[in-house]
Amino acid sequence: MSETVLLVGGGGREHAIARALADSEAELHACAGNRNPGIAALADSFETLETTNPTAVVAFAEDVGATLAVVGPEGPLAAGVADALDDAGVYAFGPREAEARIETDKAFQRRFMREKSIPGCPDFETFEDVDAACEYIDEYDGDLAVKPAGLTGGKGVRVTGDQVTKEEAKEHLREEAYDRVVLEERLVGEEFTVQAFVASGQLRVTPAVQDHKRAYEGDEGPNTGGMGSYSDAGLELPFMDEDDYREAVDVLEATVDALDDYKGVLYGQFMLTADGVKVVEFNARFGDPEAMNTLPVLNTDFLDVLVAARDGEDLPQLSFSPKATVCKYAVPEGYPTDPSAGAKVAIDEESAADAAEDSEGDALLFYASVDEREDGIYTTTSRSFAVVGIGDDVAQAERVAEDALAVAGEEGLRVRHDVGTEALVQRRIDHVAELRGE
Ligand code: AMP
Ligand code: GLY
């Protein structure tokens, strides 16, 4: 039977999902709040709608006769879009609202880890009162990660001793008037992501990726949704070994076992510390940018994974090209604190892809939160587009990404050019060696 897939979401991650499905025998229909030109070009139809409105998404799914759905972002998952699609008979690859709490409620996430004895849980306390949280910050002997329990697009966390003082962290809590807060021990180490496809109690893992959350080069500035990321030709990253990767996978396995019939992508954000692998957070979806590292090197047909998940069959074993990838985002000036939305941008997708031929790798361009209007492409308040370089090693992939960026046109936009550079990767390697006392 041929499948009709509904894709929910209009960012770079969803463009990567659309491209993964474009090679499959499926009809693709997409919906998002912004008209993403990359997705629109690949899909049979594209509808602009409020993706956190389950009724609107289900109506579109029924309209196009969807037999499957992939929900990209966390917002719709938190709003119960997967539940509504499932209930309407359209299998959603994405967890139901209750299961998505593993991402959408950080207090739930930590209590769940503690109750189910999931390895890698840092010491933490949860608060429902800002004053009590501030008092704890004052009394705690050491640095803390201060986290609003709800979704903040990756921008709500403050780490004392790193980006802010304890006074600034308290001010942030008071200003934003968060009603629920998690305070946890500050983890020191190198972060990495491992994403898994999950259904029927099974999971299939993908290569580790390192994202760069901070806005500016050299890991300075505020946290963002992610400025860029890289993966290596194997499962591990240059600063970790097989045992570290295995430890992360063990955490994901224990989590899937403890969750009630989770389906979709389970994303683990880990910190490789002097005491081993710890969990920074879970997400209930692909990472953005990490999906742009992972899906382009996935040789297994993504549609086969989706169909097996829906039909309750064994998930296929995954195969990946032995290639490294480097992804760099171009974001509006002022992102994330004061982004200049509504600027017209000229993005030359074809030249970006052609540029890679000169660097003997492959380059891909993914549109993100831009909006295509009749007279051109405009920025929104979020990330604009990304290039991904694919090469034999991280250094080559980085050169490919830079060559592609140079011709794609990043004028008026900002890029962290240090992502994936040899100097920065070496710093990660040295950092872990130092933590391990090597
Ligand atoms: P999250 O929104 O949970 O992804 O957190 C955003 C960023 O804050 C993470 O990517 C980390 O860099 C940092 N972070 C979160 N929790 C901790 C922690 N316990 N220790 C150190 N850094 C953390
Ligand atoms: N790259 C971080 C995230 O997707 O949340």
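For the structure given in this document, a descriptive report is provided here. In this text, all values refer to a predicted model and were calculated from it rather than measured experimentally.

Calculation criteria
Residues numbered from 1 in each chain as written. Chains lettered and ligands numbered in written order. Predicted model: local features only at pLDDT ≥ 70, side-chain atom pairs only at ≥ 80, totals over all residues. Heavy atoms only, no water. Near = heavy atom within 4 Å. Polar contact = N/O pair within 3.5 Å; in protein donor to acceptor, adjacent residues only side chain to side chain. Areas by Shrake-Rupley, 256 points an atom, 1.4 Å probe, with all protein chains shown as cover. Nonpolar A, V, L, I, M, F, W, Y, C, P; charged D, E, K, R; others polar. Pairing = 2+ DSSP bridges. Helix = DSSP H or I, 4+ residues; strand = E, 2+ residues; numbered from the N terminus. Contact = heavy atoms within 4.5 Å. Salt bridge = Lys/Arg side-chain N within 4 Å of Asp/Glu carboxyl O. Buried < 20%, exposed > 50% of the residue type's maximum accessible area, 1.4 Å probe, protein only. Core = buried A, V, L, I, M, F, W, Y, C linked by side-chain atoms within 4.5 Å. Axes fitted to C-alpha atoms, helices over the stretch in contact; angles between N-to-C directions. Parallel < 35°, antiparallel > 145°, perpendicular 65-115°, else oblique.

**Some words on the site of ligand 2**
Next up, step 1: As a structural note, the neighbourhood of ligand 2 is formed by Asp211, Lys213, Gly225, Tyr267, Asn283, Arg285, Gly287, Asp288, Pro289 and Glu290.
Next up, step 2: Take Asp211: an N or O atom from its side chain is 2.8 Å from a nitrogen atom of ligand 2.
Next up, step 3: Interatomic distance of 2.7 Å between a side-chain N/O atom of Glu290 and a nitrogen atom of ligand 2.
Next up, step 4: The fraction of the free accessible surface of ligand 2 (200 Å²) that becomes covered by protein chains is 92%.
Next up, step 5: Considered class by class, the residues forming the shell around ligand 2 number two nonpolar, three polar and five charged.

**A few points about the sheet that holds strand β22 (residues 376–379)**
Next up, step 1: Judged by pairing direction, the sheet is antiparallel, and its three strands sit side by side in the order β19-β22-β21 without closing on themselves. The two strands at the open ends of the sheet, each matched to only one other strand, are β19 (344–345) and β21 (370–373).
Next up, step 2: Where β21 lies against β22, four bridges are found, and the strand directions are antiparallel. Paired with Glu372 across the two strands is Ile377, which belongs to β22.

**Considering the environment of Ala16**
Next up, step 1: Along the chain, Ala16 falls in helix α1 (residues 12–22).
Next up, step 2: Sequence-wise, Ala16 and Gly234 are 218 residues apart; in three dimensions their C-alpha atoms are separated by 20 Å.
Next up, step 3: In this structure, Ala16 is in contact with Ala291, Met292, Leu295 and Phe366, ignoring residues within four places of it in sequence.

**Structural notes on the pattern of salt bridges**
Next up, step 1: Per the counting criterion, the structure on display carries 32 salt bridges.
Next up, step 2: Across the pair Glu372 and Arg35 runs a salt bridge, and its minimum N-O distance is 3.2 Å. With a gap of 337 residues between them, Glu372 in strand β21 and Arg35 in the loop between β2 (26–32) and α2 (37–42) connect regions that are remote in the sequence.
Next up, step 3: You can call Glu372 partly exposed: its relative accessible area is 30%.
Next up, step 4: Residue Asp371 is joined to Arg373 by a salt bridge in which the shortest nitrogen-to-oxygen separation is 3.7 Å.

**Some remarks on the side chain of Thr104**
Next up, step 1: Structurally, the position occupied by Thr104 is in helix α6 (residues 97–104).
Next up, step 2: Apart from residues no more than four positions distant in its own chain, Thr104 is found in contact with Ala78, Ala149, Gly150 and Leu151.

**Description of the pairing of strand β23 (residues 385–391)**
Next up, step 1: Along β23, seven of the seven residues are buried, which leaves the element largely enclosed by surrounding structure.
Next up, step 2: Judged by which residues are buried, β23 turns out to be covered on both faces: Phe385, Val387, Gly389 and Gly391 on one side and Ala386, Val388 and Ile390 on the other are all buried.
Next up, step 3: Both strand β18 (residues 324–332) and β23 contribute to a ladder of seven bridges, which runs antiparallel. Paired with Ala324 across the bridge in β23 is Gly391.

**Quick notes on the nonpolar core**
Most often, soluble globular proteins keep nonpolar side chains buried together rather than apart.
Next up, step 1: One finds Leu6, Leu85, Phe192, Phe270 and Phe385 to be the most contacted residues of the largest nonpolar core, which totals 74 residues.
Next up, step 2: Sorting elements by how many residues they give to this core places helix α14 (residues 394–408) first, with seven residues.
Next up, step 3: Counting residues in hydrophobic clusters, the runner-up holds 45 residues, among them Val5, Ala18, Ala32 and Val305.

**Here we look at the packing of α6 against helix α7 (residues 106–115)**
Next up, step 1: Remark: α6 packs on α7, axes separated minimally by 6 Å, with the N-to-C direction vectors making an angle of 95°. Relative to α7, the element α6 is oriented roughly perpendicular. Between α6 and α7, the contacting residues are Arg101, Ile102, Glu103 and Thr104 on the first element and Lys106, Phe108, Gln109 and Phe112 on the second.
Next up, step 2: Among the residues making up the contact of α6 with α7, the classes are represented as three nonpolar, two polar and three charged.

**As for the site of ligand 1**
Next up, step 1: The immediate surroundings of ligand 1 are formed by 15 residues, with Lys147, Glu184, Leu187, Glu191 and Glu281 found nearest.
Next up, step 2: The contact in question runs from an oxygen atom of ligand 1 to an N or O atom on the side chain of Lys106, over 3.2 Å.
Next up, step 3: Within the side chain of Glu191, one N or O atom sits 2.5 Å away from an oxygen atom of ligand 1.
Next up, step 4: Out of a free accessible area of 480 Å², ligand 1 has 94% covered by protein chains.

**So, the sheet that holds strand β16 (residues 264–273)**
Next up, step 1: Taking strand neighbours across the sheet as the criterion, the four strands line up as β11-β10-β16-β17 in an open arrangement whose pairing is antiparallel. Across the chains shown, the open sheet's two edge strands, defined by having one partner strand only, are β11 (202–205) and β17 (276–283). Sheet twist, expressed as the mean angle between neighbouring strand axes with direction ignored, is 35°.
Next up, step 2: Two elements, strand β10 (residues 189–199) and β16, share ten bridges in a ladder whose sense is antiparallel. In the strand pairing of β16, Thr193 is matched with Gln269.

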